[in-house]
Number of protein chains: 2
Amino acid sequence: MFSKSCEYAIKAMIFVAQKSKDEARVSLKEIAKGTDAPEHFIAKIMQELGRKRLVQSIKGPNGGFYMTEKNLQTSITDIVKAIDGDKLYLDCVLGLKACSEVNPCPVHFEYKEIKRNLIKMMDTNTIGKFNEKLDSGSFFLKNL
Amino acid sequence: MFSKSCEYAIKAMIFVAQKSKDEARVSLKEIAKGTDAPEHFIAKIMQELGRKRLVQSIKGPNGGFYMTEKNLQTSITDIVKAIDGDKLYLDCVLGLKACSEVNPCPVHFEYKEIKRNLIKMMDTNTIGKFNEKLDSGSFFLKNL
DNA sequence: AAATTAAAAGAGTTTTTTATCTTTTTATAA
DNA sequence: TTATAAAAAGATAAAAAACTCTTTTAATTT
């Protein structure tokens, strides 16, 4: 479904949102530990998320990653598109470039409905929403 | 979503079902052409599908692939599990090994519903069903 | 201003997936 | 029974994804 990079990206975004309340910064080390990701690998991902302004970063002592109010409105879709591109949103499940409504692959109409639900879910779930839910400590990011 | 191998497998299964009516055999070359797949690559995939008895094969002149009535009842799920394994069915979307109902990842419950629909679609759509629909020439397997 | 801290950037390496090429086996037909 | 056709099997190669290491840049703090 998602690439490994994208899985890490989603987890990292949620992690930073949680840990960076009231101006606090979260370091790469903390993000790596908190999401069970290889440090240098998640570094690349955070760079990309930073470049695309889905998260903020500051270098130097006391530096790290944090989020603005706007960043908290980032949806799963925003993250997926930033890391994996929009192939999940646009491409045919069977990989047929020519597949469309008028030239459908065998599973086109069956998959259409699934995809609609999937996209709706990813569009409506934002980092901020997860953040609220998390305050109850009811879900997990680490592989225990 | 699916691996390239799996995309080819689904297309190939549908192609063989269509072309192998009344005892006819379909050759690797035909399958490769009909599904826009590299011949030697689809050969490996057909071997695997053959080993798992999702399709029949006969060597030698006039040999090739064909399907029994039982093979026509193969679902998308059967093909996906044969080629990609059951990670799509079992694994957490964020790749967390420990994710479960009692230890959910942030998107667990959101994704649960999507997954249920997806699996239902893949379980209920069989090669035979597609085959019927195809008789009307209403869908495509090739990349034009 | 110098030392230090932490992310950014660049340059590999490893592993997995996708694809190709060659040889062997099996069945058919001349 | 030999030649041939076609899949099976094995081995290799290329490309992509995942991961690691090193150097540079930017911000702080002393």
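First, a word on what this report is: a plain description of the structure on this page. None of these values were measured; they are calculated from a predicted model.

**Observations regarding the protein's contact with DNA strand C**
Thought 1: Among the 26 residues in the neighbourhood of DNA strand C, the closest are listed as Leu-28, Lys-44, Ser-57 and Pro-61 of chain A together with Pro-38 of chain B.
Thought 2: When atoms of DNA strand C within 4 Å of the protein are sorted by moiety, sugar and phosphate together comprise 58%.
Thought 3: At 2.7 Å, a side-chain N or O of Lys-44 of chain A approaches a base nitrogen of DNA strand C.
Thought 4: Measuring from a base nitrogen of DNA strand C, one finds a side-chain N or O atom of Gln-47 of chain A at 3.1 Å.
Thought 5: Counting residues per element, the ones that place at least two in the surface near DNA strand C are helix 3 (39–51), strand 1 (56–58) and strand 2 (64–66) of chain A together with helix 1 (4–19) and helix 3 (39–51) of chain B.
Thought 6: Of the residues assigned to the surface near DNA strand C, the class counts are nine nonpolar, 11 polar and six charged.

**Comments concerning helix 5 (residues 76–84) of chain A**
Thought 1: Along helix 5 of chain A, the positions that sit buried rather than exposed are Ile-76, Thr-77, Ile-79, Val-80, Ala-82 and Asp-84 of chain A.
Thought 2: Tucked inside the fold, the buried residues of helix 5 of chain A contact helix 1 (4–19), helix 3, helix 6 (87–90), helix 7 (108–124) and helix 8 (127–134) of chain A.

**Overview of the protein's contact with DNA strand D**
Thought 1: The immediate surroundings of DNA strand D are formed by 27 residues, with Pro-38 of chain A together with Ser-27, Leu-28, Lys-44 and Ser-57 of chain B found nearest.
Thought 2: Within 4 Å of the protein, the contacting atoms of DNA strand D are drawn from sugar and phosphate to the extent of 58%.
Thought 3: Between DNA strand D and Tyr-8 of chain A there is a distance of 3.3 Å, counted from a phosphate oxygen to a side-chain nitrogen or oxygen.
Thought 4: Measuring from a sugar or linking oxygen of DNA strand D, one finds a backbone N or O atom of Gly-60 of chain B at 3.0 Å.
Thought 5: For the surface near DNA strand D, the secondary-structure elements that each account for two or more residues are helix 1 and helix 3 of chain A together with helix 3, strand 1 (56–58) and strand 2 (64–66) of chain B.
Thought 6: The residue makeup of the surface near DNA strand D, split by class, is nine nonpolar, 12 polar and six charged.

Rules behind the numbers
Residues numbered from 1 in each chain as written. Chains lettered and ligands numbered in written order. Predicted model: local features only at pLDDT ≥ 70, side-chain atom pairs only at ≥ 80, totals over all residues. Heavy atoms only, no water. Near = heavy atom within 4 Å. Polar contact = N/O pair within 3.5 Å; in protein donor to acceptor, adjacent residues only side chain to side chain. Helix = DSSP H or I, 4+ residues; strand = E, 2+ residues; numbered from the N terminus. Nonpolar A, V, L, I, M, F, W, Y, C, P; charged D, E, K, R; others polar. Buried < 20%, exposed > 50% of the residue type's maximum accessible area, 1.4 Å probe, protein only. Contact = heavy atoms within 4.5 Å.

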